[in-house]
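Survey of secondary and tertiary structure
Chain by chain, the residues run as shown.
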Amino acid sequence: MSESVPSLSPPPSASTSHRALVVARALAVLGGLGWFLWLGGGPVLPPTRIDWMMREDWAAHIFGWLFFRNADWTLPLGAAPNHFYPYGSSVALTDGNPWLALIFKPLSPLLPVDFQYTGPWLALCYALMGYFGARLVETVSPRPVPMVLGGTLLALSPVMAARFGHPTLCAHWLLLALLWLNLRDIPDARTATRSLGLAALFNAIASGTHPYWVGMLMPLTLSLGVRLVWSRKLGPARVAALCAGIAALDVGLFALFGYFGGGGLGAEGFGEFSADLATLVNPMGWGRLLPDLPAAPRQGEGFGYLGAGALLLGVVAFVSLFARRREARTLDWRRVLPAAVVVLLMAVFALSSRVTWLGQPVVDLGALYAPLVKATNAFRASGRFVWPLHYLLVVGAVLLVARLWRGVPAVTVAALAVALALQAYDVREEKSALFKPVRFQRLTSADWDALKGPYQHLALFPPHVQWVCRYDEPLVNALAYQAYRLKLTFNSGYASRTPEALAAECRARLPSGGLDASTAYVVLPQHVRPFLDAGARCGVVEDLPVCVVGSNTDAFAQGLARQPLR
């Protein structure tokens, strides 16, 4: 069945020049960047500012990058054997954005010691939200003003702002890009093939950003393939081969980046990190205009609030379907149907095995998901899969209003402008994680510099590993930064998956292999006595107990005698 009925898109307009379209896209990009700055993005943009990242997930990301920066090239790409030594980690397992790490590592000799790319990455994500938002509006209305307003409105999503604490999960523009591929005009086989090529590119970017993006983009790639076969732009065999190739590309990149390493592919939490049935209208503290609704404790992962402006625009779009019946009858609903089905299925998965309404269980689907335990453990935060529905609804509202009222452009402009203003007012910018103060206490004693040369390893004993054993974040971050600066290995930190053997080390009285002459140990006070009994030389450096092998005679070991521990 071909797409021979009137399409969603208007015929090319001679009055809309290419330059005007480029300017509109650029203004939408600036709209996205402006919103990022409003959310507190200015101070995190300079790449030499790293102190703001020294907490929670951000610390995992920055140290994944910094230790990879010091490591030799090896496989998997992004491997950091000097982090969580001797087990090693990787940029992938610390969610440090593997693609960007690979881009900047060759430039490392030219970069300052303090260098981060997370702030610029967040800004890029907002810029691309505006860009692909404008491209989506362009599919139904090439008028510059609706493109700017619609693109900026999509960048004002509360869902994206709520993910600042996990920067690799801020690539929401990838969803807009796949929706754009699903909804744009595809007049011939060449354009169809190019569309799948772009889908492959976006999947490749997703594979080196965060696995959850592949979990959302691959289904949308399949929906694009279904549309191409349904519209007879490409044959089933060719589409199947191309989609299989994209899936193989995703798996290959996962292996190349080391996502299959660590302590397994999954963890507990499926059924708890879910989306509530009311998530689309529940501000969860992010809205000024609508009241917060009850939700279960861990359902922040399924946050899907549309925002007051988007909700209003949705009402306008719905009413317009009846007010503009003649225009509505010309819409090609088959174009959006494959994507809509896939998005709804992902939304059902977002509800998980424990479906809730206002935080209270209403349906138990445990038996349905029982055979899929490996998949559900790998994607335990199933609530994130409500994001495609969130964006499809906002995109649908914007496109319907722009398409149904294209003969009366003033109505489109007014509706989008009001929705944009209402959305901007509704979103509580003070909730942005970028406004939260972070205090990073660096170690400043020159005594630490004597470690460089005689020692290859700095170890905190017992190890401190988030979610595994005791974790003193300020201490871990201070020591990890010192190890990075001196190009030593380090054994503690925060990663998405860690070796199971670390749990046993957390309970040990002494390192399992005995004391190592090339390691300086920062020892918790209650463990100093076992080190002394083992013949270690211990002293105090910057108020921290530090021990080395008793036979060491280097400058650092001798310096411990200034404040000895006996």
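Just so we're clear, the structure is a prediction, and the values are computed from it rather than from any experiment.

**A few points about the overall build of the chain**
Helices and strands together make up the secondary structure of the chain, namely 21 helices and 10 strands. The C-alpha atoms of the chain give a radius of gyration of 27 Å, which matches the 24 Å a tight globule of 566 residues would have. Long-range contacts, defined here as pairs at least 24 residues apart, represent 78% of the contacts in the chain between residues at least 6 apart. Accessible surface, the chain as shown: approximately 22,900 Å² in total, 64% of it carbon and sulfur.

**So, the pairing of strand S4 (residues 360–364)**
Where strand S3 (residues 354–357) and S4 come together, four bridges link them in antiparallel fashion. Residue pairing for S4: Thr 356 is matched across the bridge by Pro 361. Linking S3 back to S4 in an antiparallel pair, the connection comprises two residues, with Leu 358 at a positive phi of about 55 degrees.

**Description of the packing of aromatic side chains**
If you walk through the whole model with that rule in mind, you get 35 aromatic pairs. Measuring from centroid to centroid gives 5.3 Å for Phe 254 and Tyr 259, while their planes differ by 70 degrees, and the two rings are edge-to-face. What makes Phe 254 buried here is its relative accessible area of 13%. On the numbers, 6.3 Å between centres and 75 degrees between planes, the contact of Trp 467 with Tyr 494 is edge-to-face. Of the two residues, Trp 467 is situated in the loop between strand S5 (457–461) and helix H18 (473–485) and Tyr 494 in the loop between strand S6 (489–490) and helix H19 (501–506); the sequence distance between them amounts to 27 residues. Three or more aromatic residues link up through ring pairs in this structure, and these residues are Tyr 212, Phe 270, Phe 349, Tyr 369, Phe 379 and Phe 385. Note that Lys 105 overlies the ring of Phe 68, its terminal NZ or CZ placed 4.8 Å from the centroid.

**Some details on the state of the cysteines**
All told, the structure shown has two disulfides when counted by the stated rule. Residue Cys 538 pairs covalently with Cys 547 via a disulfide, S to S 2.0 Å. Residues Cys 538 and Cys 547 are joined by a disulfide whose S-S torsion is about 110 degrees; by sign, that bridge is right-handed. The two residues Cys 538 and Cys 547 agree in class, both being buried. Sequence-ordered numbering of the bonded cysteines in the chain yields a pairing of 1-2, 3-4. There is no disulfide at Cys 125, and the cysteine sulfur nearest it, in Cys 170, is 6.1 Å away. Residue class for Cys 125 comes out buried when judged on its relative accessible area of 0%.

**Some details on the packing of helix H4 (residues 118–138) against helix H5 (residues 144–155)**
Two measures define how a pair of helices packs: the angle their axes make with one another and the distance between the axes. In the contact formed by H4 and H5, the axes pass within 7 Å of each other and the chain directions differ by 135 degrees. Considered as vectors, H4 and H5 are oriented oblique to each other. Between H4 and H5 lies a crossing whose hand is right-handed. Within the contact between the two elements, H4 uses Tyr 126, Met 129, Gly 130, Gly 133, Ala 134, Leu 136, Val 137 and Glu 138 and H5 uses Pro 146, Met 147, Gly 150, Gly 151, Leu 154 and Ala 155.

**Notes on the pattern of salt bridges**
Applying the stated criterion to the full structure yields 17 salt bridges. Residue Glu 301 pairs with Arg 163 through a salt bridge whose shortest N-O separation is 3.0 Å. Residue Glu 301 is found in the loop between helix H10 (236–257) and helix H11 (308–323), and its partner Arg 163 is found in the loop between helix H6 (158–161) and helix H7 (173–183); the two are separated by 138 residues along the sequence. An identical accessibility class is assigned to Glu 301 and Arg 163; each is buried.

**Thoughts on the confidence of the model for the chain**
Of all residues in the chain, 96% attain a pLDDT of 70 or more, and the chain-wide mean is 94. This model gives residues 1–7 a pLDDT under 50, and the stretch forms 24 contacts once residues within four places in sequence are excluded.

**A few points about the sheet that holds strand S7 (residues 519–523)**
Sheet architecture is open: six strands sit in the order S6-S5-S7-S9-S8-S10, paired in mixed fashion. Strands at the two margins of the open sheet, each flanked by one partner only, are S6 and strand S10 (564–565). Note: strand S8 (residues 537–541) against S10, two bridges, orientation antiparallel. Note that in S10 the partner of Cys 538 across the bridge is Leu 565.

Parameters and conventions
Residues numbered from 1 in each chain as written. Predicted model: local features only at pLDDT ≥ 70, side-chain atom pairs only at ≥ 80, totals over all residues. Heavy atoms only, no water. Helix = DSSP H or I, 4+ residues; strand = E, 2+ residues; numbered from the N terminus. Rg over C-alpha atoms; globule rule 2.2 N^0.38 Å. Contact = heavy atoms within 4.5 Å. Areas by Shrake-Rupley, 256 points an atom, 1.4 Å probe, with all protein chains shown as cover. Pairing = 2+ DSSP bridges. Phe/Tyr/Trp six-rings, centres within 6.5 Å; stacked < 30°, edge-to-face > 60°. Buried < 20%, exposed > 50% of the residue type's maximum accessible area, 1.4 Å probe, protein only. Lys NZ or Arg CZ within 6 Å of the ring centre and 35° of its normal. Disulfide = S-S within 2.5 Å. Axes fitted to C-alpha atoms, helices over the stretch in contact; angles between N-to-C directions. Parallel < 35°, antiparallel > 145°, perpendicular 65-115°, else oblique. Left-handed = near helix turned anticlockwise from the far one by under 90°. Salt bridge = Lys/Arg side-chain N within 4 Å of Asp/Glu carboxyl O. pLDDT = per-residue confidence, 0-100.

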